[in-house]
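Read off the chains here:
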There are 2 protein chains.
Amino acid sequence: MKHKRLKILSVPIIVVVLSAGVARAQDPLPSWNDGPAKQAIVEFVKATTTQGNPQFVPPEARIATFDQDGTLWVEHPMYTQVTYCLERVAALVKTRPELKNKEPFKTVLSGNREAMARLSQDDLMKILVVTLSGMSVDDFSAEAKKWIAEAKDPRWKRPYTELTYQPMQEVLQYLRANGYKTYIVTGGGQDFVRVYAEQVYGIPPEQVVGSAGGTKFGYDKSGKPFLTKEPKLLLNDNNAGKPEGIHLMIGRRPFASFGNSTGDRQMLEYTKAGDGARLAMILLHDDAEREYAYGPAQGLPDTKVGTFTQALYDEAKKNGWTVISMKNDWKAIFPFESK
Amino acid sequence: MKHKRLKILSVPIIVVVLSAGVARAQDPLPSWNDGPAKQAIVEFVKATTTQGNPQFVPPEARIATFDQDGTLWVEHPMYTQVTYCLERVAALVKTRPELKNKEPFKTVLSGNREAMARLSQDDLMKILVVTLSGMSVDDFSAEAKKWIAEAKDPRWKRPYTELTYQPMQEVLQYLRANGYKTYIVTGGGQDFVRVYAEQVYGIPPEQVVGSAGGTKFGYDKSGKPFLTKEPKLLLNDNNAGKPEGIHLMIGRRPFASFGNSTGDRQMLEYTKAGDGARLAMILLHDDAEREYAYGPAQGLPDTKVGTFTQALYDEAKKNGWTVISMKNDWKAIFPFESK
């Protein structure tokens, strides 16, 4: 009897799944509400990929760049990479016990969250340098991969890699389906983001541009060559560093760029200054309920991360960038919500 | 009568062309003689791209790197880029007349080839810095593009861009047809090589890794953003700089690398140190008649460029790199010979 009932129930469920599948195939951006943001993306893709359109872009020049933290995934309450570095301090002092009683490492080891929140940018930089350099490229990659597979966001209790924005995943796929090469251009560490970008976004390591340190080529005792991560910054991929990094690593001006903070301003300006159709989009975090709301554009106090200032908002309006409202433009925020 | 004869002659010619076309389709490397070098390439491609083979490499990891000067095109008697920089000095002193009577610019302007050949590495570096920086990225690109379209090699009286090696062009195409991403990894200037790499080799700007200077983001008088080439070296892409540059720009270890000098040693070592099938090949210039012969491996005196030393030859033999003999392995040298 129970068995029979289950069988009957299964029929309408299958029908629902199928019709959702059909709707998805027709709409490349199903998690976006109709509105100027969705329209801007679709019109840009149509104009630049339709043969004969005056704004047609040849396939080899189709480059799109995306900031990561706050644009492709959650950046609050703390950048994922900073959390990684803070958590690495405990492992680090095992091999370098002399750091145990030195600041800022002592504060980090205390576990006192309030004291940690008061650490200066200089302190954070010291922590980043010792936790992101001094080991081989392969060892770093293995450690970061292990951490990212296990660490969880405190609010959603899910791996950070699940906290990507479903609507942005759809934009990545839609652009790639139309011949665009998608790049991450992040202020975060290039090697850190490369560890998971392929699995999380389908973006291979060679398409991740980030803040990058030097490496040093050498040989181990058996004569095998390897690269060591050096505490020397080659590229600070924030602000003006973003277009500079794009030139260094890609060598072409993007046709589309996506950001969410003043750190992305120059990248958006550089993109928009090119000829033809150029898409510049900036994500406004205005959804305290489903994600976060921050930045003075909402009359909220400025924060350390993801600063979307009034000046940036004004520049966006003036220069024809499209502002994405998380609250109004997105039907769903995370992939796990739309499954 | 004469007319009829010509008609009769044309028949066998068409047949020959067609059968050569068929042979080409069957052999991906028609300009290579049968031998260990050709065999090494074909076996590597088969092993790494055949599903089920223990040495199979997934498509996203298929990376192949090529030195440029002396590996993909002629580097004698002088690197093309050095010729460009020397020729730019005349244009440069028009805007910066104070350099006219200063060394090493004075010597370059004298046109005295013997005196120019005696310029030190430091002198050359000074010339490279002032001719490759201080202008916008777009201006540099336009100037270099114009020069490369007009300049000719003194021996063959052809544009430098025609002096690529036909057998290496076939290797590039063969690897790409088998899912490999092909990169140039050159000691030459990244921005210089990017100007022609797509047209000459089918390699897009984002797949050119080279010695790279910094750029500086700024705005012109109308507020339009642009990048200026700075005289600051970010990456010296020679020797140990090659694997370091590969890590910075690609983030994966190549499965195949091709070089021709001690400047490629570390790249070849780094490639060969990876797991599974790895192809390391080094080109020996031993064909004075069709191209050049240089390097002590031929008992010839060492030269400033493209140094293939005895130590490098010994390392190649010891580590399982394959030496390509230009004289014995290549049927044709240049594309214009096989057309």
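Everything below is about the structure shown above.
The rules behind each value
All residue numbers refer to position in the chain's written sequence, counted from 1. As a convention, the first chain written is A and the first ligand written is 1, with the rest following in written order. Only residues with pLDDT of at least 70 are given local features in this predicted model, and only at 80 or more are side-chain atom pairs given and counted; all residues enter the totals for whole chains, interfaces and linings. With hydrogens and water stripped out, all remaining heavy atoms of the structure feed into the side-chain values. Strands are runs of DSSP state E lasting at least 2 residues, helices are runs of H or I lasting at least 4, and numbering of each runs from the N terminus. Pairs of N or O atoms within 3.5 Å make up the polar contacts considered here, provided that, within protein, one atom can donate a hydrogen while the other can accept it, and that residues adjacent in sequence are counted only when both atoms are side-chain atoms. The contact criterion used is simple: two residues touch if any of their non-hydrogen atoms lie within 4.5 Å. A pair of strands counts as paired when DSSP detects no fewer than two bridges linking them. Every axis in this analysis is a line fitted to C-alpha atoms, fitted for helices over the stretch in contact. Angles between the N-to-C directions lie between 0 and 180 degrees. In what follows, salt bridge is the name for a side-chain nitrogen of Lys or Arg lying within 4 Å of a carboxyl oxygen of Asp or Glu. Burial classes follow relative accessibility: with a 1.4 Å probe on protein chains only, a residue under 20% of its type's maximum area counts as buried, one over 50% as exposed, and anything between as partly exposed. All copies are superposed by least squares; the fitting set is the C-alpha atoms of residues with a pLDDT of at least 70 in both. Every angle not falling under 35 degrees, over 145, or within 65 to 115 is termed oblique; those three ranges are roughly parallel, roughly antiparallel and roughly perpendicular. Note on residue categories: nonpolar means Ala, Val, Leu, Ile, Met, Phe, Trp, Tyr, Cys or Pro, charged means Asp, Glu, Lys or Arg, and polar means any other residue, Gly included. One less than the number of residues in a helix, times 1.5 Å, gives the span that helix is expected to have.

## Things to note about the side chain of B:Thr65
All names here are of chain B.
- The residue Thr65 is located in strand β1 (residues 63-66) in this model.
- Reaching out from Thr65, the side chain makes a polar contact with the side chain of Ser257 at a distance of 2.6 Å.
- Beyond its immediate chain neighbours, meaning those up to four positions away, Thr65 contacts Tyr183, Val185, Ile246, Ile250, Pro254, Ala256, Ser257, Phe258 and Met267.

## Re the sheet that holds strand β2 (residues 181-189) of chain B
Residue and element names in this part refer to chain B.
- Ordered in space as β4-β3-β2-β1-β5-β6-β7, the seven strands form an open sheet in which the pairing is mixed. At either margin of the open sheet sits one strand with a lone partner, and together these are β4 (225-235) and β7 (322-325). Averaged over all pairs of adjacent strands, the angle between their axes in this sheet comes to 35°, without regard to strand direction.
- Here strand β5 (residues 256-259) runs beside strand β6 (residues 279-284); their pairing, made up of four bridges, is parallel. Note that in β6 the partner of Ser257 across the bridge is Ala280.
- Along the sheet, helix α8 (residues 166-177) makes contact with β1, β2 and β5, crossing β1 at roughly 165°.

## Some details on the pattern of salt bridges
Residues and elements named next belong to chain B.
- Applying the stated criterion across every chain, the model contains 32 salt bridges over all chains.
- In this structure, the salt-bridge partner of Lys242 is Asp264, at a minimum N-O distance of 2.7 Å. You can see Lys242 sitting in helix α10 (residues 241-249) and its partner Asp264 sitting in the loop between β5 and α11 (265-272), a full 22 residues away along the chain.
- Residue classification places Lys242 among the buried residues on the basis of a relative accessible area of 1%.
- Residue class for Asp264 comes out buried when judged on its relative accessible area of 1%.

## So, the relation of the copies chain B and chain A
- With an RMSD of 0.0 Å, the operation that places chain B on chain A is a rotation of 180° combined with a shift of 0.0 Å along the axis. When the rotation and shift are considered jointly, the pair of chain copies conforms to a two-fold rotation axis.
- Take the interface residues of chain B: 100% of them recur as interface residues in chain A, which is what a same-surface contact looks like.

## As for the packing of helix α10 (residues 241-249) of chain A against helix α9 (residues 190-201) of chain B
- Packing of α10(A) against α9(B) leaves a shortest axis separation of 10 Å and a crossing angle of 60°. The orientation of α10(A) relative to α9(B) falls into the category oblique. Note on element contacts: α9(B) touches α10(A) through B:Gln190, B:Asp191 and B:Arg194, opposite A:His247, A:Leu248 and A:Met249.
- Each residue belonging to the contact of α10(A) with α9(B) can be placed in one class, and the counts come to two nonpolar, two polar and two charged.

## Regarding the sheet that holds strand β7 (residues 322-325) of chain A
Residue and element names in this part refer to chain A.
- The sheet built from seven strands is open, its strands ordered β4-β3-β2-β1-β5-β6-β7 with mixed pairing. Edge positions in the sheet fall to β4 (225-235) and β7, since each has one partner strand and no second. On average, adjacent strands in this sheet sit at an angle of 35° to one another, irrespective of strand direction.
- Direction of pairing for strand β3 (residues 208-219) relative to β4: antiparallel, over a ladder of seven bridges.

## Topic: helix α2 (residues 36-49) of chain A
All names here are of chain A.
- Its 14 residues give α2 an end-to-end C-alpha distance of 20 Å, which sits within 8% of 20 Å, the value for a rise of 1.5 Å per residue.
- Listed in full, the buried residues belonging to α2 are Ala37, Lys38, Ala40, Ile41, Val42, Phe44, Val45, Ala47 and Thr48.
- Buried positions along α2 lie against α8 (166-177), β5 (256-259), β6 (279-284), β7 and α13 (326-329).

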